[in-house]
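Topology and contacts: notes
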Amino acid sequence: GQLPSWNLRVGDFGLAAQLPENVKEFEGLQAEGCTALDESALGSLYSAPELGKRYGLPADAFSMGMTLLALWLAGVCKGGSDELVGVTEAAKAEAEVASSGPLAAL
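If you're wondering where the values come from, they're calculated on a predicted model, not measured in any experiment. (Residues numbered from 1 in each chain as written. Predicted model: local features only at pLDDT ≥ 70, side-chain atom pairs only at ≥ 80, totals over all residues. Heavy atoms only, no water.)

What follows concerns the overall build of the protein. A tally of helices and strands in the protein yields 3 helices and 2 strands. Secondary structure elements of the protein, listed N to C terminal, follow the sequence β-α-β-α-α. Here the protein, with 106 residues, has 22% of them falling under the buried criterion. The long-range fraction of contacts in the protein, counting pairs at least 24 apart against all pairs at least 6 apart in sequence, stands at 40%. (Helix = DSSP H or I, 4+ residues; strand = E, 2+ residues; numbered from the N terminus. Buried < 20%, exposed > 50% of the residue type's maximum accessible area, 1.4 Å probe, protein only. Contact = heavy atoms within 4.5 Å.)

Given below as structure tokens:
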């Protein structure tokens, strides 16, 4: 049979910001012209470990990856939301360990 057709739309929750020209990353919880990061942003399962410190495109790539992981897991984890959250939290915890290791500066 033919696979179903899917349309994916990705949105944000008012936190999206465009880096100024010649700037590669934001720093801290507040950047000029941007919504301040709060606990809901920093504590999200989808937020990169470096969010709120120094962050740019790699943090966005991490968040997109976590979003895609959650979408994939939703189809795989028949145990429900607890299993989905558990696996997602474990992936984020592993990324936090990796982001503080010797390769973090690369």
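Having seen it, we continue.
Our focus in this paragraph is helix H3 (residues 81–99). Relative to the 27 Å expected for 19 residues at 1.5 Å per residue, H3 spans 27 Å between its end C-alpha atoms, a close match to the ideal helical length. Within H3, burial applies to Leu84, Thr88, Lys92 and Ala95. Here the buried residues of H3 occupy an arc of 60° about the axis, which is enough to place them on one side. Facing away from the buried side of H3 by over 90 degrees, the exposed positions are Asp82, Glu94 and Val97. In this fold, the buried residues of H3 make contact with helix H1 (39–42) and helix H2 (57–76). (Expected span 1.5 Å × (residues − 1). Arc of directions from axis to C-beta.)

With that settled, consider the packing of aromatic side chains. Inspection of every chain in the model, using the stated rule, returns 1 aromatic pair. A ring pair is formed by Phe26 and Tyr55, whose centres lie 5.9 Å apart and whose planes are at 45°; its orientation type is tilted. You can see Phe26 sitting in strand E1 (residues 25–27) and its partner Tyr55 sitting in strand E2 (residues 54–56), a full 29 residues away along the chain. Classification of Phe26 as buried rests on a relative accessible area of 12%. (Phe/Tyr/Trp six-rings, centres within 6.5 Å; stacked < 30°, edge-to-face > 60°.)

For H2, with 20 residues, the first-to-last C-alpha span of 28 Å sits near the 28 Å given by 1.5 Å per residue. Where H2 is concerned, the buried positions are Ala59, Phe62, Met66, Ala70 and Leu73. One face of H2 carries all of its buried residues, which in axial projection span an arc of 80°. H2 presents Leu57, Asp60, Leu71 and Trp72 as exposed residues on the side facing more than 90 degrees away from its buried surface. Elements that come into contact with the buried residues of H2 comprise E2 and H3.

With that settled, consider the packing of H2 against H3. With their axes 10 Å apart at the nearest point, H2 and H3 run at an angle of 150° to one another. If you check the angle between H2 and H3, you find them roughly antiparallel. Handedness of the H2/H3 crossing: right-handed. For the pair H2 and H3, the contacting residues are Phe62, Met66, Leu69, Ala70, Leu73 and Ala74 in the first and Leu84, Val87, Thr88, Ala91, Lys92 and Ala95 in the second. Residue composition of the contact of H2 with H3, grouped by class: 10 nonpolar, 1 polar and 1 charged. (Axes fitted to C-alpha atoms, helices over the stretch in contact; angles between N-to-C directions. Parallel < 35°, antiparallel > 145°, perpendicular 65-115°, else oblique. Left-handed = near helix turned anticlockwise from the far one by under 90°. Nonpolar A, V, L, I, M, F, W, Y, C, P; charged D, E, K, R; others polar.)

Taken together, the side chains of Val10, Met64, Leu68 and Leu71 make up a nonpolar region of the molecular surface, amounting to roughly 360 Å² of accessible area. Locating Leu71 in the fold gives a position in helix H2. Under the relative-accessibility criterion, Leu71 is labelled exposed at 51%. (Patch = residues over 30% accessible without salt bridge, like charges linked within 9 Å, V, L, I, M, F, W, Y side chains within 5 Å. Areas by Shrake-Rupley, 256 points an atom, 1.4 Å probe, with all protein chains shown as cover. Salt bridge = Lys/Arg side-chain N within 4 Å of Asp/Glu carboxyl O.)

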